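# Residue-level structure breakdown
So you can see what is in the structure, the chains are spelled out below.
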Amino acid sequence: MSRAAHIPNLGGARAFVLHRPHATVSAISRQLQAIGLEVVDCWPDLPAEALAADFVFFDVDLGFDQQFPWARGAAPMPTIALIGSEAPGRIEWALSHKADAQLLKPVGNAGVYSALLIARQSFAARRQLADEITALQQRVAERQTIVRAVTALSGQDGVDDERAYAQLRALAMNWQVSLEDAARRVVALTEKAKTEKEAGVDQSHRA
């Protein structure tokens, strides 16, 4: 028997509906309130407090970038696109904002709850993927720093890469820091020495 998916309780959450006064807003608000959400209607802009919202519904038909207090596609919460027009330009604009779910207009007496759940799950998955990418980028950057530190240490006479790496590990132990932190220190000291040397050469030329 398969395990049932966990359905979160959305009661007490806060949703902003960015749409001009319309029957669509009334239909969405009724469903949200029945689920137990607090609803805030707004148009033409999202107020600053929307940054703390749990969900944001936004109109695709008349929407524009300046309505949002965040960069395009960087909403800090799940968003749901309200789509009436299927004009390619409007759909492309909605996609650029990376909506986590969508509702087709006119909105009837159902559909909002499933849109909330889909948006929440999609947003969580997208956020997790972004965090994983950031972590990988940090690991790559740290490895590059270690390579630079090893290269700097191996620049000394008679020191190969293996011995330079051993020296870096010894420095990390002596300084009681991680290997990555030790590598950053070595790179910083190397760059500082290089800058001071170049400055000394420049001053000697001027003299």
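Description of the structure in this document. Quick caveat: nothing in here was measured; it's all calculated off a predicted structure. Residue numbers run consecutively from 1 along every chain, following the written order of its sequence. Owing to the predicted nature of the model, reporting of local features is limited to residues with pLDDT of at least 70; listing and counting of side-chain atom pairs is limited to 80 or more, with chain, interface and lining totals taken over all residues. Side-chain measures here rest on the full set of heavy atoms in the structure, leaving out hydrogens and waters.

## Side note on the packing of aromatic side chains
Test applied: To pair, rings of Phe, Tyr and Trp, with the six-membered ring standing in for Trp, must have centres within 6.5 Å; the planes then decide the type, stacked if under 30 degrees apart, edge-to-face if over 60, and tilted in the middle. A run of H or I in DSSP becomes a helix once it reaches four residues, and a run of E becomes a strand once it reaches two; helices and strands are each numbered from the N terminus. Whether a residue is buried, partly exposed or exposed follows from its accessible area with a 1.4 Å probe, protein chains only, as a fraction of its type maximum: under 20%, in between, or over 50%, in that order. The criterion is that NZ of a Lys, or CZ of an Arg, lies within 6 Å of the ring centre and within 35 degrees of the ring normal, and then a charge sits over that ring.
What the rule picks out here adds up to 4 aromatic pairs. Look at Phe68 and Trp93: their rings are 6.2 Å apart centre to centre, the planes differ by 35°, and that puts the pair in the tilted class. Note that Phe68 is positioned in the loop between strand 3 (55-59) and strand 4 (79-83) and Trp93 in helix 2 (residues 88-96), a separation of 25 residues in sequence. Each of the two residues, Phe68 as well as Trp93, counts as buried. Taken together, the ring pairs in this structure connect Phe58, Phe68, Trp70 and Trp93 into an aromatic cluster. In this structure, Arg90 is placed above the aromatic ring of Trp93, and the distance from its NZ or CZ to the ring centre is 4.9 Å.

## Notes on the packing of helix 1 (residues 23-35) against helix 3 (residues 112-154)
Test applied: Note on method: axes are straight lines fitted to C-alpha atoms, helices fitted across the in-contact stretch only, with angles between N-to-C directions ranging 0 to 180 degrees. Angle categories: roughly parallel below 35 degrees, roughly antiparallel above 145, roughly perpendicular from 65 to 115, and oblique for all the rest. Any two residues whose heavy atoms approach within 4.5 Å at even a single point are treated as in contact. Residue polarity follows a fixed list, in which Ala, Val, Leu, Ile, Met, Phe, Trp, Tyr, Cys and Pro are nonpolar, Asp, Glu, Lys and Arg are charged, and the others, Gly among them, are polar.
At their nearest, the axes of helix 1 and helix 3 sit 9 Å apart, and the two run at 70° to each other. Here helix 1 lies roughly perpendicular to helix 3, going by the angle between them. Contacts between helix 1 and helix 3 pair Ile28, Gln31, Leu32 and Ile35 from the former with Val112, Tyr113 and Leu116 from the latter. Of the residues in the contact of helix 1 with helix 3, the class split is 6 nonpolar, 1 polar and no charged.

## Observations concerning the environment of Asp54
Quick note on the threshold: N or O atoms within 3.5 Å of each other form a polar contact, as long as, within protein, one can give a hydrogen and the other can take it, and as long as residues adjacent in sequence are counted only when both atoms are side-chain atoms.
Position of Asp54 among the secondary structure elements: in the loop between strand 2 (38-42) and strand 3. Residues contacting Asp54, with those up to four places away along its chain left out, are Ala13, Arg14, Met77 and Pro78. Of the polar contacts made by the side chain of Asp54, one reaches the backbone nitrogen of Arg14; its length is 2.7 Å.

## Re helix 4 (residues 161-175)
Filter applied, for reference: Each helix should span, by expectation, one fewer than its residue count multiplied by 1.5 Å. The directions from the helix axis to the C-beta atoms form the arc being described.
Its 15 residues give helix 4 an end-to-end C-alpha distance of 21 Å, which sits within 8% of 21 Å, the value for a rise of 1.5 Å per residue. All of the buried residues along helix 4 are Ala164, Leu168 and Ala172. One face of helix 4 carries all of its buried residues, which in axial projection span an arc of 85°. Seen from the buried face of helix 4, the exposed residues on the opposite side, beyond 90 degrees, are Glu162, Arg169, Met173 and Asn174. Of the residues one or two after helix 4, Gln176 is the one with positive phi, at around 55°.

## Remarks on the layout of surface pockets
As a reminder of what qualifies: A 1.4 Å probe that fits but cannot get out identifies a cavity on a 1 Å grid over protein atoms alone, an open set with protein on both sides within 12 Å along at least five of seven lines counts as a pocket, and a residue lines either if it has an atom within 4 Å of a point. Grid points are joined across faces, edges and corners, and a volume is the space filled by probe spheres set on the points.
If you add up the space inside the largest pocket, you get close to 180 Å³. A per-class count over the lining of the largest pocket returns 5 nonpolar, 1 polar and 3 charged.

## Details of the packing of helix 3 against helix 4
Going by this rule: Here a crossing is taken to be left-handed if its near helix is turned anticlockwise relative to the far helix by less than a right angle, and right-handed if that turn runs clockwise.
Taken N-terminus to C-terminus, the directions of helix 3 and helix 4 make an angle of 110°; their axes are 8 Å apart at the nearest point. Looking at the two axes, helix 3 sits roughly perpendicular to helix 4. Where helix 3 crosses over helix 4, the two elements pack in a sense that is right-handed. On the side of helix 3, the interface is formed by Ile146, Ala149, Val150, Leu153 and Ser154, while helix 4 contributes Asp161, Ala164, Tyr165, Gln167, Leu168 and Leu171. Residue composition of the contact of helix 3 with helix 4, grouped by class: 8 nonpolar, 2 polar and 1 charged.

## Considering the side chain of Asp100
Looking at where Asp100 falls in the secondary structure, it is placed in the loop between helix 2 and strand 5 (101-104). Side chain to side chain, Asp100 and Arg126 meet in a polar contact 2.9 Å long. Apart from the residues within four sequence positions on either side, Asp100 is in contact with Met77, Pro78, Thr79, Ile118, Ala119, Ser122, Phe123 and Arg126.

## Examining the pairing of strand 3
Put simply, the rule is: Note on pairing: two strands pair once DSSP finds at least 2 bridges between them.
The buried fraction of strand 3 amounts to 5 of the 5 residues, a majority that puts the element mostly inside the structure. Of the two faces of strand 3, the one holding Phe55, Phe57 and Asp59 and the one holding Val56 and Phe58 are both buried throughout. Two strands pair when backbone bridges link them, and strand 1 (residues 14-18) and strand 3 are joined in this way by 4 bridges, in the parallel orientation. Bridge assignment links Ala15 to a residue of strand 3, and that residue is Phe55. The pairing of strand 3 with strand 4 spans 4 bridges and is parallel. Residue pairing for strand 4: Val56 is matched across the bridge by Thr79.

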